[in-house]
Amino acid sequence: MTEDGLPDDETAAERKMRFLFALRSRGVTDIRVLTAMERIDRGHFVRGLFAERAYEDMPLPIACGQTISQPSVVGLMTQALNVQPRDTVLEVGTGSGYQAAILSQLARRVYTVDRHRRLVREAQDVFRDLGLVNIVAMAADGSFGLPDQAPFDRIIVTAAAEDPPGPLLAQLKIGGIMVVPVGQSDTVQHLIKVTRHETGYDYEELRPVRFVPLVEGLGTE
Ligand code: SAH
């Protein structure tokens, strides 16, 4: 055993079993989501010092002062999004690219945007290496969505907004679902599921979460 109580001679298969078991025990039960998370190895999306912690259920630092989300939160958000095989999905907040890679297994096409060009470039490299050809990643301020590619069947925001951004609500198809963390940064945020109907929007509060804030404009890196 290592200091943190984890077996040090664990094989890759055992590590994967433990990873999937932790997801299930935290409420990720949708078999399609679990299968996607089994296929996409989180180890590809965590670099440097933290790489060896990639299979633990915790957020980890990535470049540009951002974080890769906790796997169980990625699983629960993906599950809430209820992605269908023909869907076009928009993700705001590419970060490491991990969430987009999971979505790429479930959707027809995934657009993902980040305000940091460096994160977009690094994620594109991983998508290319893994052959994930249905992801389009670009640098943009995602609070405005992607008007040229709209409307979307599903939208997922992986940074916390004070309110669900108006342009994103407008770019959601009727019948579409958006999952977004809402609240002030560093205080209580809640994951909100928004469903668009013919006549308006339904809001459902899912669980408390903690995300980095949605920031206006493009980053300097
Ligand atoms: N989904 C990521 C984690 C995202 S962390 C993953 O799987 O690793 C949140 C990301 O949102 C950060 O990379 C940050 O740069 C980005 N972000 C914050 N505000 C943004 C905005 N207005 N437009 C686009 N991206 C934004």
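Before reading further, recall that the structure is shown in the block above.
Participant: How should the pattern of salt bridges be read in this particular structure?
Facilitator: Pairs may arise between side chains of opposite charge once their charged atoms sit close together. Tallying each qualifying case throughout the model produces seven salt bridges. We note a salt bridge from E56 to R53, for which the minimum N-O separation is 3.2 Å. Classification of E56 as buried rests on a relative accessible area of 14%.

Participant: Could you clarify how one ought to interpret the packing of helix α1 (residues 12-25) against helix α2 (residues 31-39) in this entry?
Facilitator: A pair of packed helices is captured by two measures, namely the crossing angle of their axes and the spacing between those axes. Taken N-terminus to C-terminus, the directions of α1 and α2 make an angle of 150°; their axes are 11 Å apart at the nearest point. With respect to their mutual orientation, α1 and α2 come out roughly antiparallel. Here α1 and α2 pass one another in a crossing that is right-handed. Side by side, α1 and α2 meet where K16, F19, L20, L23 and R24 of the first sit next to L34, M37 and E38 of the second. Its residues assigned to classes, the contact of α1 with α2 shows five nonpolar, no polar and three charged.

Basis of the calculations
Residues numbered from 1 in each chain as written. Predicted model: local features only at pLDDT ≥ 70, side-chain atom pairs only at ≥ 80, totals over all residues. Heavy atoms only, no water. Salt bridge = Lys/Arg side-chain N within 4 Å of Asp/Glu carboxyl O. Buried < 20%, exposed > 50% of the residue type's maximum accessible area, 1.4 Å probe, protein only. Axes fitted to C-alpha atoms, helices over the stretch in contact; angles between N-to-C directions. Helix = DSSP H or I, 4+ residues; strand = E, 2+ residues; numbered from the N terminus. Parallel < 35°, antiparallel > 145°, perpendicular 65-115°, else oblique. Left-handed = near helix turned anticlockwise from the far one by under 90°. Contact = heavy atoms within 4.5 Å. Nonpolar A, V, L, I, M, F, W, Y, C, P; charged D, E, K, R; others polar.

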